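Structural overview
Residues per chain are reported as follows:
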Amino acid sequence: MSTAGCTGGDDGNSEGEGGSQENQGEQAAVAGETLTLTTTTSTYDTGLLDEIHPQFEEMYGVTVDAVAQGTGAALESARNGDSDVVMVHARGLEDEFMRNGYGINRRDLMFNDFVIVGSEDDPAGIQGMDSATEALTTIAEAEAQFVSRGDNSGTHTKELNLWEAAGTEPGGDWYQETGTGMGEALNIANQQGAYTLSDRGTFISQRSEIDLTILVQGPIEGGPEILANPYGVMAVNPGVHDNANYDLAMAYIGWITSPGAQEAIADYQMNGEQLFFPEAISEDPDFQQYVPEGWSSDSADE
Amino acid sequence: MSLEAVAQSLPALVDLPFREGYVTSIIYVSLYVSVVAVTLSTLFSIPVALAMGFTDFPGKQFVKSVINTGMGFPSVVVGLLVLFTVSNQGPLGELELIFTREAMIISQFVLATPPITAISLAAITGVSDNVREAARALGGTRLDVALVVIKEARYGIGTAVLAGFGRAISEVGSVLIVGGNITSSQGISKTRTLTTAIQLEARQGQYETAMILGAVLVAIVLVVNGIVVRIGDTGPMDR
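Residues numbered from 1 in each chain as written. Chains lettered and ligands numbered in written order. Predicted model: local features only at pLDDT ≥ 70, side-chain atom pairs only at ≥ 80, totals over all residues.

A look at the overall build of chain A
- Scanning chain A from N- to C-terminus turns up 10 helices and 12 strands.
- Counting across all 302 residues of chain A, residues that qualify as buried make up 50%.
- Within chain A, counting contacts between residues at least 6 apart in sequence, those at least 24 apart form 73% of the total. (Helix = DSSP H or I, 4+ residues; strand = E, 2+ residues; numbered from the N terminus. Buried ≥ 20, exposed ≤ 12 C-beta atoms within 10 Å, placed from the backbone. Contact = placed C-beta atoms within 7 Å.)

Structure follows, in structure tokens:
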């Protein structure tokens, strides 16, 4: 990372220096700037971002600082104006973020799915169930050990939604909130022979380290649609946070939803398996991706 | 020997499944942040300890207990406080320090200052009154007396600096929150330290690599202790 002519030192210039550096770069006006992306542990820990970001960085001569935090924390950082762009996977939280005015220009990015994993002996007997809610209810009735992320992440949010859909209130000794990232939660479940909900990407990337197996499949392998795990990307609203590097955030969103980057996402494999499935590009427009789900412009005249 | 040279010589001993330059860069960031924070903290703490050691004022015991409480202050709480301060919404938001090494230095400064001040103060208070009076009797100015006391208390002060350094370099909670554990996509650390790298490995269940990084951290602390002890024995304190 070279910042010739920049006196500040490269660790001092973070996002949002659009004004001061415009005259320096010989290439694009954004060259030398830093884009701060707050994202979830699943996109970072699987190695996807490190794999695809160099292309963007070379294209614009910029640096992407990816901060892996979990969906709740990633959105909170953005809400405080501490990042320029967010990539998360909890539509409900994303919608709230947009409705509150913090995020704009949301795009559907990619998806994978959630799976319910557990030890092979499967004490509650949920293997092969077609319904995720039924599986959870069975686990709750058997009071079999279940590890919850408990960290307001996208996966945790999905888990809570599933319990709600199942009409079961989880609680008791068998239900443990760990407050950790997905990898650690998988390890805890592994050590205790417990069940847990995992995104497929993290599970695949860690499968060689643990003895857990997939008991209820997500939609990628023909499981229920309720286990879908869509990722979205949004720019921080420069109208709320005027230091947000909006130009670069939009360049990033444009790039990552472009055919080239989408192909790179599809090509990214770990242990021989595809982790993420691109969904930014389609012949049929999906206008709902830009706005909070169910939003309609009743008051607008045009 | 420059920090960079130290950082580069260390990881030659270990072979980790990381990209080239990764371990070197996180060691460099760990040392850079901790050394700068502890240096600033020492420059702040020793005058404070001297002032407190030489004067009596109402509420001195209270100030002491505040400093002692600070020694046990949880690093995550410090991290949160620094986050609120440097976040875009905070009082220092304009400086855009969030997710930078400077923010990490601030939080480590806050963490290292109480132990350095408290232990230095104990060392300075422990210097015999005879020494001070002798220095004064020989016509020493306040500064001369202070220097004599520092010289007498140098082992204690060295211990204080090491305690502060130990706290700074082994601390994970605050640097994770304010630094963001960032590397470039080429795997070169920007704000990732050994401790946050260990946390990341553990998060992914890579306990072996986490242990190896832990061993590197312990080795660094040992080396730094060795260097400081040597300086205390021979070094620049003898003017």
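Points about the overall build of chain B
- From N to C terminus, chain B includes 11 helices and 0 strands.
- For chain B, the sequential pattern of α-helices and β-strands runs α-α-α-α-α-α-α-α-α-α-α.
- Structurally, chain B occupies a C-alpha span of about 65 × 45 × 30 Å along its principal axes.
- Counting over 239 residues, chain B shows a buried share of 45%.
- Within chain B, contacts between residues separated by at least 24 positions form 74% of all contacts whose residues are at least 6 apart in sequence.

Details of the pairing of strand E3 (residues 85–88) of chain A
All names here are of chain A.
- With burial as the criterion, each face of E3 is covered, one bearing Val85 and Met87 and the other bearing Val86 and Val88.
- One ladder, built from 3 bridges, connects strand E1 (residues 34–39) with E3; its direction is parallel. When the sheet's bridge partners are listed, Thr38 is paired in E3 with Val86.
- Across 4 bridges, the pairing between E3 and strand E9 (residues 228–236) is antiparallel. Following the sheet pairing, Val88 is matched in E9 by Gly232. (Pairing = 2+ DSSP bridges.)

Quick notes on the confidence of the model for chain B
- Of the residues in chain B, 90% have a pLDDT of 70 or more, and the chain-wide mean is 88.
- Taken together, the chains of this predicted complex give a pTM of 0.84 and an interface ipTM of 0.80. (pLDDT = per-residue confidence, 0-100.)

A closer look at the interface of chain B and chain A
- With 21 residues of chain B at the interface, the matching set in chain A holds 34 residues.
- Looking at the side of chain B that touches chain A, the elements that each hand over two or more residues are helix H5 (101–126) and helix H10 (194–203) of chain B.
- Residue classes in the side of chain B that touches chain A are distributed as 4 nonpolar, 12 polar and 5 charged. (Nonpolar A, V, L, I, M, F, W, Y, C, P; charged D, E, K, R; others polar.)

Description of the environment of A:Glu134
- Tracing the backbone through its elements, the reader meets A:Glu134 in helix H5 (residues 132–142).
- Residue A:Glu134 is classed as partly exposed on the basis of its 14 C-beta neighbours within 10 Å.

Quick look at the nonpolar core
- In this structure, A:Val85, A:Ile116, A:Ile139, A:Ala249, A:Tyr252, B:Ala103 and B:Val178 are the most contacted members of the largest nonpolar core, which totals 137 residues.
- Structurally, this core is a two-domain feature, drawing no fewer than three residues from each of domain 1 (34–112 + 229–290) and domain 2 (113–228) of chain A. (Core = buried A, V, L, I, M, F, W, Y, C linked by C-beta atoms within 7 Å. Domains from an automatic or database assignment.)

Examining the packing of helix H6 (residues 129–137) of chain B against helix H7 (residues 142–152) of chain B
All names here are of chain B.
- Where H6 contacts H7, the two axes come as close as 9 Å, and the packing angle between them is 145°. The handedness of the crossing between H6 and H7 comes out as right-handed. Of the residues in H7, those touching H6 at Val131, Arg132, Ala135 and Arg136 are Asp144, Val145, Val148, Val149 and Glu152.
- Here the contact of H6 with H7 is composed, by residue class, of 5 nonpolar, no polar and 4 charged. (Axes fitted to C-alpha atoms, helices over the stretch in contact; angles between N-to-C directions. Left-handed = near helix turned anticlockwise from the far one by under 90°.)

Quick notes on helix H4 (residues 91–99) of chain A
Residues and elements named next belong to chain A.
- Looking at H4, one finds that the buried residues are Arg91, Leu93, Glu94, Phe97 and Met98. With its buried residues spanning 160° around the axis, H4 presents them on a single face.
- Among the structural elements, helix H3 (71–79), E3, strand E4 (103–118), helix H6 (154–166) and E9 are those in contact with the buried residues of H4.
- Gly101 lies just past H4 and shows a positive phi near 90°. (Arc of directions from axis to C-beta.)

Description of the packing of helix H3 (residues 60–71) of chain B against H5(B)
All names here are of chain B.
- Viewed as axis vectors pointing N to C, H3 and H5 meet at an angle of 130°, and their least axial separation amounts to 7 Å. Regarding the angle of H3 to H5, the classification is oblique. Where H3 crosses over H5, the two elements pack in a sense that is left-handed. Residue-level contacts link Ile67, Asn68, Gly70 and Met71 of H3 to Pro114, Pro115, Thr117 and Ala118 of H5.
- Per-class residue counts for the contact of H3 with H5 are 5 nonpolar, 3 polar and no charged. (Parallel < 35°, antiparallel > 145°, perpendicular 65-115°, else oblique.)

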